[in-house]
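Each chain, letter by letter, is given below.
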Amino acid sequence: MKKIVAIVLVLSLLVLGLAACGGKKTEVMKAIDAYEKAVDEYVDFMKDYDAATDSAEDLAKAQEKVETAAKAFAEAAAKVTDPSDKEKEYVEKVSKRITEKMAKAMK
């Protein structure tokens, strides 16, 4: 489950980066930052997650983290409609960071 969710999150961010959609610079950057924060929280949770115990509580927490990240992604995607070059660069930079974090989490 951990790897599937990680792949979905990374692919979602890549779609955001490729779609490169914008709003105001600060709104876009804040939205992308919120998405990165949600992914960070998921990654932190997964570091402590023990699939061997797989308790209902752990699964509920994992689901909550995924839903939070998905919501942050949707909000970011809604704000990104016509990005400036600087915003595109920022999205690419954050996308790379998130991809690296998710890759580490899958190990």
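Residues numbered from 1 in each chain as written. Predicted model: local features only at pLDDT ≥ 70, side-chain atom pairs only at ≥ 80, totals over all residues. Heavy atoms only, no water.

Draft legend 1. Seen up close, the overall build of the protein. Tallying secondary structure elements over the protein gives 4 helices and 0 strands in all. Helices and strands in the protein line up, N terminus first, as α-α-α-α. Every one of the 107 residues in the protein was classed for burial, and the buried ones make up 34%. Look at the contacts in the protein between residues 6 or more apart in sequence, and 88% of them connect residues 24 or more apart. Entry remark: accessible area of the protein is about 6500 Å², with carbon and sulfur atoms responsible for 57%. (Helix = DSSP H or I, 4+ residues; strand = E, 2+ residues; numbered from the N terminus. Buried < 20%, exposed > 50% of the residue type's maximum accessible area, 1.4 Å probe, protein only. Contact = heavy atoms within 4.5 Å. Areas by Shrake-Rupley, 256 points an atom, 1.4 Å probe, with all protein chains shown as cover.)

Draft legend 2. Summary view of the pattern of salt bridges. Going through the model one piece at a time under the given rule, you end up with 4 salt bridges. For glutamate 36, the salt bridge goes to lysine 101, with nearest N and O atoms at 2.8 Å. Here lysine 101 lies in helix α4 (residues 85-105) and glutamate 36 lies in helix α2 (residues 25-48), a separation of 65 residues in the sequence. A salt bridge links lysine 101 to aspartate 40; the nearest nitrogen and oxygen atoms lie 2.8 Å apart. Separated by 61 residues along the polypeptide, lysine 101 in helix α4 and aspartate 40 in helix α2 bring together distant segments of the chain. A cluster of three or more residues bridged by salt bridges with shared partners is formed by Glu36, Asp40, Arg97 and Lys101. (Salt bridge = Lys/Arg side-chain N within 4 Å of Asp/Glu carboxyl O.)

Draft legend 3. Molecular detail of the side chain of glutamate 87. Assignment of secondary structure puts glutamate 87 in helix α4. A polar contact is formed between the side chain of glutamate 87 and the backbone nitrogen of serine 84, at a distance of 2.7 Å. (Polar contact = N/O pair within 3.5 Å; in protein donor to acceptor, adjacent residues only side chain to side chain.)

Draft legend 4. Representation of the confidence of the model for the protein within the structure. Per-residue confidence for the protein gives a mean pLDDT of 76; residues scoring 70 or more make up 72%. Taken element by element, the protein is modelled with least confidence in helix α1 (residues 2-19), mean pLDDT 54, and with most confidence in α4, mean pLDDT 87. Here residues 18-24 is modelled with pLDDT under 50, and outside its nearest four sequence neighbours on either side it reaches 24 contacts, counting other chains as well. (pLDDT = per-residue confidence, 0-100.)

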